[in-house]
Amino acid sequence: WIYYFLVINMAFQIKWDHYLFNRYLVQTTIAALTVIFIITYGSLFNDHLRQFFSVFYFFKTQTGWYEYVRVSGTFTNPNFFAVFLVFALSVITLSGVMKIYKKYLYLLLTFALVFLTGSRTGMIGAFAIFIYVFIINLRYSSWKSLIESFLLFCSVFILSITLFNNLSRVYRTINSFTESGLSGIASLSVKYEYGLKLLTMVNDLSPIIGLGAGKGFGNYLGDSQLVSIIFSYGY
């Protein structure tokens, strides 16, 4: 939360204009996405490239594109990767300086990676952005923009069917929630169980300054960044 506050606060200190927005946000996002596309898609479709890039960073998975896969791009975790991709989607959709074919190409390639991360929150965020863009175009744009938005939605729908295997995680989540409520979602149960144990330990032993930034606990920190920070540094 502190990280997000500092970054957002810094962003609001900048007097953004058309030039600054394009140069320092749109162009840098496009540059980062270009590198990520080469590494991620290259690794998915070519074994030699995957072996080459794996020398430099950790892959979440080593499976091929045709199987159920959770890509992490140049990040160490697919969920972190999804956060960046949703941010990139919002920047691209707000950009009015990109050529339309380039804009939609980057949108589709980015949206595909959101699916391939397997991040359920990422998928919700991506769809929310597209719905927002469609509503904005519906209210303020021309018929040409509406037709372009409609074609983009059709492309995303076809993409969703193509990447059906990665949606299976979403369907399992919905079924588990329907049958057992929040406790039926395995990843959420783990976060709750371990998070509660760790917070109880902090409350009993050192609620103010925490228990220190030790590395021995690893993934046992409840798979939650917020719990990890409280455990290490206290409230």
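For the structure itself, consult the block above.
The following paragraphs examine the structure supplied in this document. These numbers were taken from a predicted model, which means no experiment stands behind them.

Some details on the overall build of the chain
Part 1 of the reasoning: Counting its secondary structure elements, the chain contains 10 helices and 0 strands.
Part 2 of the reasoning: When the 235 residues of the chain are sorted by exposure, 36% land in the buried category.
Part 3 of the reasoning: Look at the contacts in the chain between residues 6 or more apart in sequence, and 59% of them connect residues 24 or more apart.
Part 4 of the reasoning: Accessible surface for the chain amounts to roughly 15,100 Å². Of this, 69% is attributable to carbon and sulfur atoms.

Structural notes on helix α5 (residues 100-117)
Part 1 of the reasoning: Taking 1.5 Å per residue as the helical rise, α5 with its 18 residues ought to reach 26 Å, and the 26 Å between its terminal C-alpha atoms agrees with that figure.
Part 2 of the reasoning: Inspection of α5 places Lys103, Tyr104, Tyr106, Leu107, Thr110, Phe111, Ala112, Leu113, Val114, Phe115, Leu116 and Thr117 among the buried residues, and these make up the whole buried set.
Part 3 of the reasoning: Looking one or two residues beyond α5, the residue adopting positive phi is Gly118, at roughly 75 degrees.

Quick look at a nonpolar patch on the surface
Part 1 of the reasoning: A surface patch of nonpolar side chains, amounting to about 690 Å² of accessible area, comprises Ile2, Tyr3, Phe5, Leu6, Ile229 and Tyr233.
Part 2 of the reasoning: Elements with a contribution of two residues or more to the nonpolar patch: α1 (2-13) and α10 (225-233).
Part 3 of the reasoning: Broken down by element, the residue count for the nonpolar patch peaks at 4 residues, all from α1.

Some points on the nonpolar core
Part 1 of the reasoning: Among the nonpolar cores identified, the biggest contains 31 residues, and Leu33, Phe81, Leu85, Leu89, Ile92, Tyr106 and Leu113 are the most heavily contacted of them.
Part 2 of the reasoning: Those elements giving two or more residues to this core turn out to be α2 (18-45), α4 (78-94), α5 and α6 (120-140).
Part 3 of the reasoning: No other element matches the 9 residues that α5 contributes to this core.
Part 4 of the reasoning: Leave out the neighbours within four places in its chain, and Leu113 touches Ile36, Phe37, Thr40, Tyr41, Val71, Phe81 and Leu85.
Part 5 of the reasoning: In terms of nonpolar packing, the next biggest core, distinct from the first, is built from 5 residues, Leu198, Val227, Ile230 and Phe231 among them.

So, the packing of aromatic side chains
Part 1 of the reasoning: One pass over the full model with this rule turns up 8 aromatic pairs.
Part 2 of the reasoning: Ring centres 4.9 Å apart and planes at 85 degrees place the aromatic pair Phe111 and Phe130 in the edge-to-face group. With Phe111 in helix α5 and Phe130 in helix α6, this pair connects stretches of sequence that are 19 residues apart. You'll find Phe111 and Phe130 in the same group, each marked buried.
Part 3 of the reasoning: Their ring planes at 90 degrees and their centres at 6.2 Å tell us that Phe115 and Phe127 sit as a pair that is edge-to-face. Of this pair, Phe115 sits in helix α5 while Phe127 sits in helix α6, and the two are 12 residues apart along the sequence.
Part 4 of the reasoning: For Phe127, a relative accessible area of 34% corresponds to the partly exposed category.
Part 5 of the reasoning: A connected cluster of aromatic rings, assembled from ring pairs, spans Phe111, Phe115, Phe127 and Phe130.

Observations regarding the packing of α2 against α4
Part 1 of the reasoning: In the contact formed by α2 and α4, the axes pass within 10 Å of each other and the chain directions differ by 130 degrees. In terms of axis orientation, α2 runs oblique to α4. Two packed elements cross with a definite hand, and for α2 against α4 that hand is left-handed. Every residue of α4 that contacts α2 at Phe21, Leu25, Val26, Thr29, Ile30, Ala32, Leu33, Ile36 and Thr40 is listed here: Phe81, Phe84, Leu85, Phe87, Ala88, Val91, Ile92 and Leu94.
Part 2 of the reasoning: Looking at the contact of α2 with α4, its residues break down into 15 nonpolar, 2 polar and no charged.

What about the side chain of Ser43?
Part 1 of the reasoning: Summarising the element assignment, Ser43 is placed in helix α2.
Part 2 of the reasoning: By relative accessible area, Ser43 is classed as buried at 2%.
Part 3 of the reasoning: Polar side-chain contacts of Ser43 include one of 2.5 Å to the backbone oxygen of Ile39.

Quick look at the packing of α2 against α5
Part 1 of the reasoning: Interaxial distance between α2 and α5 falls to 11 Å at its minimum, and their mutual angle equals 50 degrees. Taken together, α2 and α5 sit at an angle that is classed as oblique. With respect to the hand of their crossing, α2 and α5 are arranged in left-handed fashion. Counting all contacts with α2, which are made through Ile30, Leu33, Thr34, Ile36, Phe37, Thr40, Tyr41 and Leu44, the residues of α5 involved are Lys102, Tyr106, Leu109, Thr110, Ala112, Leu113 and Leu116.

Quick look at the environment of Ile2
Part 1 of the reasoning: Note that Ile2 resides in helix α1.
Part 2 of the reasoning: Along the chain, Ile2 and Leu226 lie 224 residues apart, while their C-alpha atoms are 10.0 Å from each other.

About the cut-offs
- Residues numbered from 1 in each chain as written.
- Predicted model: local features only at pLDDT ≥ 70, side-chain atom pairs only at ≥ 80, totals over all residues.
- Heavy atoms only, no water.
- Helix = DSSP H or I, 4+ residues; strand = E, 2+ residues; numbered from the N terminus.
- Buried < 20%, exposed > 50% of the residue type's maximum accessible area, 1.4 Å probe, protein only.
- Contact = heavy atoms within 4.5 Å.
- Areas by Shrake-Rupley, 256 points an atom, 1.4 Å probe, with all protein chains shown as cover.
- Expected span 1.5 Å × (residues − 1).
- Patch = residues over 30% accessible without salt bridge, like charges linked within 9 Å, V, L, I, M, F, W, Y side chains within 5 Å.
- Salt bridge = Lys/Arg side-chain N within 4 Å of Asp/Glu carboxyl O.
- Core = buried A, V, L, I, M, F, W, Y, C linked by side-chain atoms within 4.5 Å.
- Phe/Tyr/Trp six-rings, centres within 6.5 Å; stacked < 30°, edge-to-face > 60°.
- Axes fitted to C-alpha atoms, helices over the stretch in contact; angles between N-to-C directions.
- Parallel < 35°, antiparallel > 145°, perpendicular 65-115°, else oblique.
- Left-handed = near helix turned anticlockwise from the far one by under 90°.
- Nonpolar A, V, L, I, M, F, W, Y, C, P; charged D, E, K, R; others polar.
- Polar contact = N/O pair within 3.5 Å; in protein donor to acceptor, adjacent residues only side chain to side chain.

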